[in-house]
Amino acid sequence: MTTESHSTTALPLAPGDWVFDPLHSSVGFTIRHLGISKVRGRFNELTAELRVGDTLDTSSITATVALASIDTGNADRDAHVRAADLLDVAKRPTMGFRSTRIAGTGEEWTLEGDLTIGDVTRPITFDVDFGGVVDVPMDGSRHAGFDATGEFRRSDFGLDFAPGFLGDVIKVNLEVQFVEPR
């Protein structure tokens, strides 16, 4: 896509500030353990803002995850991961994302942006599947759904604890819904 067509392409959504639907949204992750299996988890506290402009260049998304809300299905492990010798949620309370570029058409999109953990910011790219827009009969609201996947190296953010036990690559999956502005 050329820069000119990128700046004039509109998203298939009504312009405005779409409202995040936390009841129908989640953020999950996987990380290798001992190089032989994966540990899966999620973060239970996620907020996001979607601003749809007249073009892709005037549209943006931000998201914030409370790192203390980590949930791997094991309370002891979660408490250890939150501790100062690992994730250190007192020092790094959130993981944030701010888009820098949105591109695509139809159901296939790419979302580029900056991921911040603690005081370190690095670029990240998400592949995004646009699930579409649907009218909810009960209240007349319109919901848009997205599935975004990406990955980053935890060592790039100074999270290089437990090498050999935990893999460096963390794969992230977001399932999010937004409600059209009224």
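Going by the structure above, here's the rest.
Okay, so let's go over this structure.

A word on the pairing of strand E11 (residues 166-179). Bridge analysis of strand E1 (residues 16-20) against E11 gives two bridges, and the strand direction is antiparallel. The partner of valine 19 across the bridge, within E11, is valine 179. As defined by bridge partners, strand E2 (residues 26-33) adjoins E11 across seven bridges and the pair is classed as antiparallel. Counted as the bridge partner of valine 27 is leucine 174 from E11.

Before going further, it helps to spend a moment on the nonpolar core. Judged by nonpolar contacts, the single largest core of 46 residues is most densely connected at Phe126, Phe146, Phe152 and Phe178. Not counting residues within four places of it along the chain, the set of residues in contact with phenylalanine 146 comprises Leu13, Leu50, Val128, Asp129, Phe130, Leu174, Glu175, Val176 and Phe178.

Topologically, alanine 48 is positioned in strand E4 (residues 46-52). For the pair alanine 48 and glycine 113, spaced 65 residues apart in sequence, the C-alpha to C-alpha distance is 14 Å. Here alanine 48 is in contact with Phe20, Thr62, Ala63 and Phe178, once residues within four sequence places are set aside.

Let's shift gears to a positive patch on the surface. Taken together, Arg32, Lys38, Arg40 and Lys171 make up a surface patch of like positive charges. With respect to the helices and strands, arginine 40 occurs in strand E3 (residues 37-43). In this structure arginine 40 comes out as exposed when scored by relative accessible area, which is 54%.

Counted according to the given criterion, the structure contains six aromatic pairs. Summarising the aromatic geometry, the rings of phenylalanine 29 and phenylalanine 43 are spaced 5.3 Å apart at their centres and angled 40° between planes, so their arrangement reads as tilted. Highlighted residues: phenylalanine 29 in strand E2 and phenylalanine 43 in strand E3, separated in sequence by 14 residues. Centre to centre, the rings of phenylalanine 146 and phenylalanine 178 are 6.3 Å apart; their planes meet at 70°, and the pair counts as edge-to-face. With a gap of 32 residues between them, phenylalanine 146 in strand E10 (residues 142-153) and phenylalanine 178 in strand E11 connect regions that are remote in the sequence. Of the residues examined, phenylalanine 146 reaches a relative accessible area of 19% and is grouped as buried. In this structure phenylalanine 178 comes out as buried when scored by relative accessible area, which is 1%.

Positive phi values are uncommon outside glycine, yet leucine 34 reaches one of about 60°. With respect to the element layout, leucine 34 can be found in the loop between E2 and E3. Phi is positive for aspartate 88, close to 55°, though the residue is something other than glycine. Mapped onto the elements, aspartate 88 comes out in the loop between helix H2 (75-82) and strand E7 (94-105). Owing to a relative accessible area of 15%, aspartate 88 belongs among the buried residues under this scheme.

About the cut-offs
- Residues numbered from 1 in each chain as written.
- Predicted model: local features only at pLDDT ≥ 70, side-chain atom pairs only at ≥ 80, totals over all residues.
- Heavy atoms only, no water.
- Pairing = 2+ DSSP bridges.
- Helix = DSSP H or I, 4+ residues; strand = E, 2+ residues; numbered from the N terminus.
- Core = buried A, V, L, I, M, F, W, Y, C linked by side-chain atoms within 4.5 Å.
- Buried < 20%, exposed > 50% of the residue type's maximum accessible area, 1.4 Å probe, protein only.
- Contact = heavy atoms within 4.5 Å.
- Patch = residues over 30% accessible without salt bridge, like charges linked within 9 Å, V, L, I, M, F, W, Y side chains within 5 Å.
- Areas by Shrake-Rupley, 256 points an atom, 1.4 Å probe, with all protein chains shown as cover.
- Salt bridge = Lys/Arg side-chain N within 4 Å of Asp/Glu carboxyl O.
- Lys, Arg positive; Asp, Glu negative; His and termini not counted.
- Charge placed at Lys NZ, Arg CZ, Asp CG, Glu CD.
- Phe/Tyr/Trp six-rings, centres within 6.5 Å; stacked < 30°, edge-to-face > 60°.

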